[in-house]
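Secondary and tertiary structure notes
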Amino acid sequence: MAFGVGEWKTIAGAGFGVALLATFAGSAFADDALKLAELSPDGTDACFGRVYDAAHLKAHPKQKVGRIFFLYGHDPVSRPNEQPAASSDSSYNGFIATTVRGAKAPEWAGGWCNHESEDDTSGPIRCGMDCDRTMASLKLDENGRLIVTGVSPDLYLDAGSEDELGEAEYDRQALGSEDDNFRLDPMPAATCKAEFARIDPIDPALGPPLRERLKPDQAFCYGRDYDGSHLASHPDQLTQSIRVFRGSVELASFASGGDAANWPDGADIAVAVTTRRKSAEVTQTYSCQGEADQWRCAASSKMSDFSCDIARKEIFLKRGADGTMMLANPNSALAIVDLCSKAADGKTKSDDKVYRLQPMPQSACAP
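Residues numbered from 1 in each chain as written. Predicted model: local features only at pLDDT ≥ 70, side-chain atom pairs only at ≥ 80, totals over all residues. Heavy atoms only, no water.

Examining the sheet that holds strand E12 (residues 282-291)
Defined as follows: Should DSSP find at least two bridges between two strands, the strands are taken to pair. Only DSSP runs of H or I covering at least 4 residues are called helices, and only runs of E covering at least 2 are called strands; the numbering of each starts at the N terminus. Here the axes come from fitting lines to C-alpha atoms, over the contacting stretch only for helices, and the angles between their N-to-C directions go from 0 to 180 degrees. By definition, residues are in contact when any of their heavy atoms lie within 4.5 Å.
The strand order E9-E10-E11-E12-E13-E14-E15-E16 describes a closed barrel built from 8 strands, whose pairing is antiparallel. Within the sheet, the average angular offset between the axes of one strand and its neighbour, ignoring direction, is 30°. Inspection of the sheet shows strand E10 (residues 239-246) paired to strand E11 (residues 267-275) by 6 bridges, in the antiparallel sense. Paired with arginine 243 across the two strands is alanine 272, which belongs to E11. Against the sheet, helix H8 (residues 248-257) touches E10 and E11, its axis set at about 160° to E11.

Right, dumping it as structure tokens:
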């Protein structure tokens, strides 16, 4: 195979859903940011948390949560990714992270927190989630501690999961019957951010996202040539060499109609391959968009006419470790075979699924 990985997230629909924080109309974070003065009097991120000791947990056997933190402020989970900068704001302004007994990392949820009064300036505070669910209700006690109530046992589960999972599995995954009425102490914002960082630790070897590493007006070339030894050990791999690049044609296309503020949406790339069967190089153009931590690139008919709709033929690009680029070809979207043939219908059946590509001089790609 070109390169093996445990799992590559490819989404057939319009977006990632759970992988991304949704943007909700009418509640953009820029408009609602830190307006709850009782939680954040100075307009900065406010953190509350508690770590329960062994004595407390022993006295409350039905409480699963051993650590709980609540941040009111800016998103502490997401980090720069491949989404265009223009669409990176999140509507969420309340974030909860809990770690149950024995777990190595927290689970988390995000929502938007507002007063429930008509004037939206007084009364109880409710933090809502998508699908009209409630994350929690909030209030401060006389000592400035945050009281978190109304936490549902299925906070981290899908709606209707009790019926889908069955009673035993639901009870295992859900929070405990005493996981409510939390009293959290004020803490430095950095404490909450460090707690949320435990959810998905940053791999420093990955470096900046492709969106930052590759500029709209910058040519690039990545590729790999497979030697006889590699091909002998991977008899089902057809790819002999592969290049992914943006050259003068692709740069001119984006310069004439692209929007740098939405980079990489609308970026054209070219992929050239040679195979064991054909020594002649075949090049296919793709049009990309940023989606979570990857570029999603649909095959384009700009270079030639096709007898089928090739727009559904998609590849995915991700940053790899130490400056490499990962390319996924899950559904026969590379021009290893005719994209309109039956052989290209469905999932890639050979070892030509995932490639780790090295940066190369531009001369190794298109002129």
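Resuming the write-up.
A few points about the confidence of the model for the protein chain
For clarity, the threshold we go by: Within a predicted model, pLDDT stands for the predictor's per-residue confidence, ranging from 0 to 100.
Mean pLDDT for the protein chain: 85, with 87% of residues reaching 70 or above. The model gives residues 3-32 a pLDDT under 50, and that stretch makes 60 contacts with residues more than four places away or in other chains.

Regarding unusual backbone geometry
Note the following rule: A 1.4 Å probe rolled over the protein chains alone gives each residue an accessible area, and that area as a share of the maximum for its type sets the label: buried under 20%, exposed over 50%, partly exposed in between.
In the segment running from tryptophan 263 into proline 264, the intervening peptide bond is cis, with an omega of 10°. As for its placement among the helices and strands, proline 264 is situated in the loop between H8 and E11. Phi angles above zero are rare outside glycine, and cysteine 131 is one such case at about 60°. Mapped onto the elements of the fold, cysteine 131 is located in the loop between strand E5 (125-129) and strand E6 (133-140). The exposure class of cysteine 131 is exposed, given its relative accessible area of 66%. In the Ramachandran plot, aspartate 132 falls in the positive-phi region, its phi being about 60° despite a non-glycine side chain. Here aspartate 132 is to be found in the loop between E5 and E6. Given the relative accessible area of 70%, aspartate 132 is considered exposed.

As for the sheet that holds E5
Sheet architecture is closed into a barrel: 8 strands sit in the order E1-E2-E3-E4-E5-E6-E7-E8, paired in antiparallel fashion. When strand polarity is set aside, the average angle formed by the axes of neighbouring strands in this sheet is 30°. Against the sheet, helix H5 (residues 189-197) contacts strand E1 (46-51), strand E2 (65-72), strand E3 (94-100), strand E4 (107-115) and strand E8 (182-187), and its axis sits at roughly 120° relative to E2.

Re the pairing of E4
In terms of residue burial, E4 counts as a mostly covered element, since 7 of its 9 residues are buried. The pairing of E3 with E4 spans 5 bridges and is antiparallel. In the sheet register, glycine 94 faces E4, and the bridge partner there is glycine 111. Two elements, E4 and E5, share 4 bridges in a ladder whose sense is antiparallel. Residue pairing for E5: asparagine 114 is matched across the bridge by arginine 126.

So, the state of the cysteines
Every disulfide links exactly two cysteines, by a covalent bond between their sulfur atoms. Counted only if it meets this: Disulfides are defined as cysteine sulfur pairs within 2.5 Å.
Applying the stated criterion across every chain yields a total of 4 disulfides. With a sulfur-sulfur separation of 2.1 Å, cysteine 288 is cross-linked through a disulfide to cysteine 297. Across the disulfide from cysteine 288 to cysteine 297, rotation about the S-S bond amounts to roughly 105°, and the bridge is consequently right-handed.

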